[in-house]
Amino acid sequence: MAYSAGTRTMMGEVAGWFAFACFLAVVGVNFAELRRGVGHMMGIPIEPYATSDANNGRAEAGEPPRSGYSVELTARDNGHYHTEAEINGRPVEVMVDTGATMVVLTFEAAEQAGLYLKDSDFTHKASTANGVSRIAPVTLERVSIGDITVRDVPAAVAERGRLQTTLLGMTFLSRLDRVDMRSGKLLLQD
């Protein structure tokens, strides 16, 4: 079937407008999350939009109200922030890592948290400082540090012996209202 140059141009314009409309729809649906993410990357605290009392001050309906709690961690001599977290209600030593894309548990920490994995669960690969490793994607029921709790946290479990410390990365940290690092102190605020 042959199309004229005018028809192809018009079809290209329609496809372009459709793609632009899809882009606007995605931005509109995810605006609050995008706004927080950009603010976080730029180090600007972004307050949620004002809402009615029925939503308990949350920017998005359906999310639990924020607790208003904060936790301050002090860097160890090596400059890293280590603390004890509760993962699925069980204590696990973690390193808070703003450079980690997600929460990644050591194999042993996963077992501490009640996650028992088989070899066939390790279906994905991840690049680490130690090379490429297989990981098992999981969702953690809840992750808490002090009085701060985040539910349904996407995470991964590293193969046995491939990770020395559980990393508390951005799938947890990006759900907080504020993550601020200054002068050897890390402030987490919900």
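In this text the structure is predicted, and so the values were computed from the model without any measurement.

A. Highlighting the pairing of strand β10 (residues 185-189). Looking at chain direction, strand β1 (residues 70-74) and β10 are connected through five bridges and run antiparallel. If you follow Val71 over to β10, its bridge partner there is Leu188. Bridge analysis of strand β9 (residues 178-182) against β10 gives five bridges, and the strand direction is antiparallel. Pairing of Arg182 across the sheet is with Lys185, part of β10. Between β9 and β10, which pair antiparallel one after the other, the connecting turn spans two residues, and Ser183 there sits at a positive phi close to 45 degrees.

B. Representation of the side chain of Thr83. With respect to the helices, strands and loops of the structure, Thr83 is situated in strand β2 (residues 81-87). The class of Thr83 is buried, set by a relative accessible area of 15%. Contacts of Thr83, omitting those with residues within four sequence positions, involve Leu73, Val92, Glu93, Val94, Val96 and Ile145.

C. Quick look at the environment of Glu93. Its location among the elements puts Glu93 in strand β3 (residues 90-96). The spacing of Glu93 and Ala109 is 16 residues in sequence and 8.0 Å in space, taken between C-alpha atoms. Those residues in contact with Glu93, other than ones at most four positions away along the chain, are Arg76, Thr83, Glu84 and Thr166.

D. Looking closely at the nonpolar core. By size, the foremost hydrophobic cluster in this structure holds 34 residues, and its most contacted members are Leu105, Leu140, Phe172 and Leu188. With residues up to four places along the chain from it excluded, the contact list for Phe172 reads Val103, Val143, Ile145, Ile148, Val150 and Val153.

E. Region of the structure containing the packing of aromatic side chains. In the structure shown here, the tally under the stated rule is one aromatic pair. Seen from their ring centres, Phe107 and Phe122 are 6.3 Å apart, and the 25 degrees between their planes marks the pair as stacked. Of this pair, Phe107 sits in helix α3 (residues 107-112) while Phe122 sits in the loop between α3 and β5 (124-128), and the two are 15 residues apart along the sequence. Of the two residues, Phe107 and Phe122, neither departs from the other in class, the shared state being buried.

Rules behind the numbers
Residues numbered from 1 in each chain as written. Predicted model: local features only at pLDDT ≥ 70, side-chain atom pairs only at ≥ 80, totals over all residues. Heavy atoms only, no water. Pairing = 2+ DSSP bridges. Helix = DSSP H or I, 4+ residues; strand = E, 2+ residues; numbered from the N terminus. Buried < 20%, exposed > 50% of the residue type's maximum accessible area, 1.4 Å probe, protein only. Contact = heavy atoms within 4.5 Å. Core = buried A, V, L, I, M, F, W, Y, C linked by side-chain atoms within 4.5 Å. Phe/Tyr/Trp six-rings, centres within 6.5 Å; stacked < 30°, edge-to-face > 60°.

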